[in-house]
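Observations on the three-dimensional arrangement
One letter stands for each residue in the lines below.
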Amino acid sequence: MDLKNFQFTFDCSDFIEPDVCASPASPDPDDTISLSESVLDFPREFGRTYHAYRAGSYAFPNDIPEQERLAFQGPIIKRLFGDRLYFAPLSQSNPPRFILDVATGVGDWAIEMGDMFPTSEVIGTDLSPIQPAMVPPNVKFYVDDSSDEWNFTDKFGYIHTRLTAGCWSNFETEVAKQAFEALEPGGWFESQEVEGVFSCDDGTLDPAGPMCTWLNEMRDAAEIMERPAVLGSILKEVFERVGFVDVQDRIFKIPTNEWPRDERLKEIGRLWGENFSQGLNGFSIQLMNRVFGRSPAEIELQLVKIREELSNPQIHAYMPVFVVWGRKPYVGEQVNTPMTE
Ligand SMILES: C[S@@+](CC[C@H](N)C(=O)[O-])C[C@H]1O[C@@H](n2cnc3c(N)ncnc32)[C@H](O)[C@@H]1O
């Protein structure tokens, strides 16, 4: 396969200049759940609703505010990626027959892929049936727990995850290995994951301030609940360990508000900050309550200070976004296995 026209590693250390003027395949039907069952009976807690299928396994809500936030975050990520939905070298003239979007959320990525590849069949799976009913005829959604064994009847040409940190107890065994098995030889697996960390290149973010303290606590809480929030930075080694070849990565920085001078990044940062701020209650309320025993009022109080910092353009923070893609080798292909100690 000729890969010379594709972009290789993008160095995360690239400095973003701040704006100094700124003021502050169809699954086996036996293994998916029909909507007539209790999957629509969403449990309610803290004034939010949560997924009913495998209730309690995922800490973020699934109500209308969260669905609106999900519908808004996909386009921001796409913009960060230079208007791309994927980086794997998919062929427009010979597109994948089957495409899978694992943990599809409101299904916006799957729907856009269905429009872009009208001859492909795109399948999106999620714990929550929160996808629209009116979708292109080649797009289908199923309620499924992707940490269970996958039982798809067809092999996929392309499998995708986006923003799934915090969904898995072990991404390698639950998702990457299963994706490897579910792909046809030569098929591609791609993950696009925001790392749960606030970074800063010029010292304007206080590592002991509200944002960093909160995210450190969130990472600890997620770890305790066995849903680690650190995923992006381990993707490449996981892909290689599982057996993917031609593994490539790109690392982006998504600003937390409108602090960059560059107009494109300024707009992306403004949108990301708004989206993040909108999501803070949903991200925090179950984890912080369950793990640290905090009351909803205490949690909300902490969030006020985080929102203040998050929206301050004097603070030049960003989150790293990792995109990794790799190919399942062809049968009989000579593969260089990674060196082991
Ligand atoms: C942060 S959202 C991201 C959704 C979508 N991929 C996107 O980029 O907008 C994570 C999604 O993963 C789903 N999810 C969590 N655990 C899952 C699991 N074990 N199996 C399938 N879906 C899961 C949640 O219901 C939620 O819709």
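Within each chain, residue numbers correspond to sequence positions counted from 1 in written order. Only residues with pLDDT of 70 or above have their local features reported here, since the model is predicted, and side-chain atom pairs are shown and tallied only from 80 upward, although totals for entire chains, interfaces and linings are computed over all residues.

Glancing now at the pairing of strand E5 (residues 139-143). Of all 5 residues making up E5, 4 are buried, and the element is well covered by its neighbours. Bridge analysis of strand E4 (residues 121-126) against E5 gives 5 bridges, and the strand direction is parallel. The residue of E5 that forms the bridge with Ile123 is Lys140. Using C-beta atoms placed from the backbone, we call a residue buried if 20 or more other C-beta atoms fall within 10 Å of its own, exposed if 12 or fewer do, and partly exposed for counts in between. Only DSSP runs of H or I reaching four residues or more are called helices, and only runs of E reaching two or more are called strands; each is numbered from the N terminus. For two strands to count as paired, DSSP must find a minimum of two bridges between them.

Right, let's get into helix H5 (residues 235-242). Within H5, the full set of buried residues consists of Leu235, Lys236, Val238, Phe239 and Val242. Buried residues of H5 fall within an arc of 165° about the axis and therefore sit on the same side. Check the buried side of H5 and you find it contacts helix H3 (171-182), strand E7 (183-194), strand E9 (245-255) and strand E10 (317-327). Just past H5, the residue Gly243 takes up positive phi, approximately 120°. In this context, the arc is that of the directions from the helix axis out to the C-beta atoms. Here, residues touch in the contact sense if the C-beta positions derived from the backbone fall within 7 Å of one another.

Residues of the chain with pLDDT of at least 70 account for 89%, and the chain-wide mean is 91. A score between 0 and 100, pLDDT records how confident the predictor is in each residue. Confidence drops under a pLDDT of 50 for residues 1-13, and excluding neighbours within four residues, the segment shows 13 contacts in the predicted structure.

A helix is expected to reach a length of 1.5 Å times the quantity of its residues less one. In this model, helix H7 (residues 296-310) (15 residues) spans 20 Å end to end at C-alpha, consistent with the 21 Å of a helix rising 1.5 Å per residue. Buried residues of H7: Ile299, Leu303, Ile306, Glu309 and Leu310, and no others. For H7, the angular spread of the buried residues around the axis is 110°, confining them to a single face. Away from its buried face by more than 90 degrees, H7 exposes Ala297, Leu301 and Val304. Buried positions along H7 lie against helix H4 (210-224) and helix H6 (263-292).

We call a residue near a molecule or strand when the C-beta position, derived from backbone atoms, sits within 6 Å of it. Taken together, 21 residues lie around the ligand, and Ala103, Gly105, Ser146, Arg162 and Cys167 are the ones closest in. For the shell around the ligand, the secondary structure elements donating two or more residues are helix H1 (64-80) and E4. The dominant element in the shell around the ligand, judged by the number of residues it contributes, is H1, at 3 residues. Residue polarity follows a fixed list, in which Ala, Val, Leu, Ile, Met, Phe, Trp, Tyr, Cys and Pro are nonpolar, Asp, Glu, Lys and Arg are charged, and the others, Gly among them, are polar. Looking at the shell around the ligand residue by residue, the classes come out as 7 nonpolar, 10 polar and 4 charged.

The next subject is the packing of H1 against H6. To characterise two packed helices, one gives the angle between the axes of the helices and the distance between these axes. Put simply, H1 and H6 touch, their axes get as near as 10 Å, and they point 150° apart. Between H1 and H6, the angle falls in the class roughly antiparallel. Crossing angle aside, the handedness with which H1 passes H6 is left-handed. Between H1 and H6, the contacting residues are Glu66, Arg69, Phe72, Gln73, Ile76, Arg79 and Leu80 on the first element and Ile268, Leu271, Trp272, Asn275, Gln278, Gly279 and Gly282 on the second. Taken together, the residues of the contact of H1 with H6 break down into 6 nonpolar, 5 polar and 3 charged. Fitted lines through C-alpha atoms serve as axes, helices being fitted only where they are in contact, and the angles separating the N-to-C directions of these axes extend from 0 to 180 degrees. Between 65 and 115 degrees an angle is taken as roughly perpendicular, under 35 as roughly parallel, over 145 as roughly antiparallel, and anywhere else as oblique. Left-handed is the label given to a crossing in which the near helix is rotated counterclockwise from the far helix by less than a right angle, and right-handed is the label when the rotation is clockwise.

On to the environment of Leu310, then. Looking at the element boundaries, Leu310 is found in helix H7. By C-beta crowding, Leu310 is classed as buried, having 22 other C-beta atoms within 10 Å. Counting along the chain gives 53 residues from Leu310 to Asn257, while the straight-line C-alpha distance between them is 6.8 Å. Not counting residues up to four positions away in its chain, the partners in contact with Leu310 are Met211, Thr256, Asn257, Gly273, Phe276 and Ser277.

Moving on: the environment of Asp145. Here Asp145 is to be found in the loop between E5 and strand E6 (156-162). Taking the C-alpha atoms as reference points, Asp145 and Asp126, 19 residues apart in sequence, are found 6.6 Å from one another. Ignoring sequence-local partners within four residues, the contact set of Asp145 consists of Tyr53, Arg54 and Leu127.

For the rest of this paragraph, the subject is the packing of H6 against H7. Running from N to C, H6 and H7 point in directions that differ by 150°, and their axes come no closer than 10 Å. It follows from the interaxial angle that H6 and H7 lie roughly antiparallel. Crossing angle aside, the handedness with which H6 passes H7 is right-handed. In this structure, H6 uses Gly273, Phe276, Ser277, Leu280, Asn281, Ser284, Ile285, Met288 and Asn289 to contact H7, whose residues at the interface are Pro296, Ile299, Leu303, Ile306, Arg307 and Leu310. Looking at the contact of H6 with H7 residue by residue, the classes come out as 9 nonpolar, 5 polar and 1 charged.

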